[in-house]
Amino acid sequence: LKTTFEGLNIKNLAISSNRKQFAIVDNSGVIQLFDNLINSTDLLRIKSDKQTKQNNFESVAFSPDSKFIAGGTKTGRVLLWDYTGKKVGEFCTGNQ
C-alpha cells in the first residue's frame, strides 16, 4: 500500500473493529492514530527509537477489542500500546 494522506506517504493502514479510529505508518516509520468521528488530526504519534533506530515501524494493527495498537518492525519486534501512548508490551518474533 502506497498512498498519501494530508501530504504523508503511507506504508500501512489499519482500521479499528469499532470503525472509530484508524492508524497509519508513514514513510519515516512513525505510527499515527486518528479518530474518524471527531475529524481530528493525529491523536497519538509513536516514533522510532532515535538512538537505536530499532522501532522503525512497517506495520500497524488494532487489537480485536480496539483498545490497543500494535506496531511491527522489520526486525520482528512487535510493540503494544494503549490509547494514551503507554507501552504495555513488547514481543520479539525475529532475529533479536
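Everything here concerns the structure above.
Note that the structure is predicted; figures quoted are calculated from it, not measured.

Q: What's the story with the overall build of the protein in this structure? I'm lost.
A: Helix and strand counts for the protein stand at zero helices and nine strands. When the elements of the protein are put in sequence order from the N terminus, they spell out β-β-β-β-β-β-β-β-β. Per element, the accessible surface of the protein, about 5900 Å² overall, is 50% carbon and sulfur.

Q: How should the environment of F57 be read in this particular structure?
A: Note on placement: F57 falls in strand 6 (residues 57–62). Taking the C-alpha atoms as reference points, F57 and S28, 29 residues apart in sequence, are found 8.2 Å from one another.

Q: What's the story with unusual backbone geometry in this structure? I'm lost.
A: Both trends apply: most residues other than glycine have a negative phi, and most peptide bonds are in trans. Unlike most non-glycine residues, R19 shows phi in positive territory, near 60 degrees. Within the secondary structure, R19 sits in the loop between strand 2 (8–15) and strand 3 (21–26). Positive phi is not limited to glycine here, since S66 has a value of about 65 degrees. When you line up the elements, S66 lands in the loop between strand 6 and strand 7 (68–73). Judged by relative accessible area, S66 falls into the buried class, the value being 5%.

Q: Whenever I open this one, the side chain of Q21 confuses me. Can you help?
A: Counting through the fold element by element, Q21 comes out in strand 3. In this structure Q21 comes out as buried when scored by relative accessible area, which is 11%. Leave out the neighbours within four places in its chain, and Q21 touches A14, I15, S16, L33, F34, D35, N36, F62 and Y83.

Q: Just to check I follow, could you spell out the sheet that holds strand 9 (residues 87–92) for this structure?
A: Hydrogen bonding along the main chain pairs the strands of a sheet, whether they run parallel or antiparallel. Sheet architecture is open: four strands sit in the order 6-7-8-9, paired in antiparallel fashion. Both edges of this open sheet fall to strand 6 and strand 9, since each of them pairs with a single strand only. Pairs of neighbouring strands in the sheet enclose a mean axial angle of 20 degrees, with direction left out of account. Across five bridges, strand 8 (residues 77–82) lies against strand 9 in antiparallel orientation. Residue pairing in the sheet places W81 in a bridge with K87 of strand 9.

Rules of the game
Residues numbered from 1 in each chain as written. Predicted model: local features only at pLDDT ≥ 70, side-chain atom pairs only at ≥ 80, totals over all residues. Heavy atoms only, no water. Helix = DSSP H or I, 4+ residues; strand = E, 2+ residues; numbered from the N terminus. Areas by Shrake-Rupley, 256 points an atom, 1.4 Å probe, with all protein chains shown as cover. Buried < 20%, exposed > 50% of the residue type's maximum accessible area, 1.4 Å probe, protein only. Contact = heavy atoms within 4.5 Å. Pairing = 2+ DSSP bridges. Axes fitted to C-alpha atoms, helices over the stretch in contact; angles between N-to-C directions.

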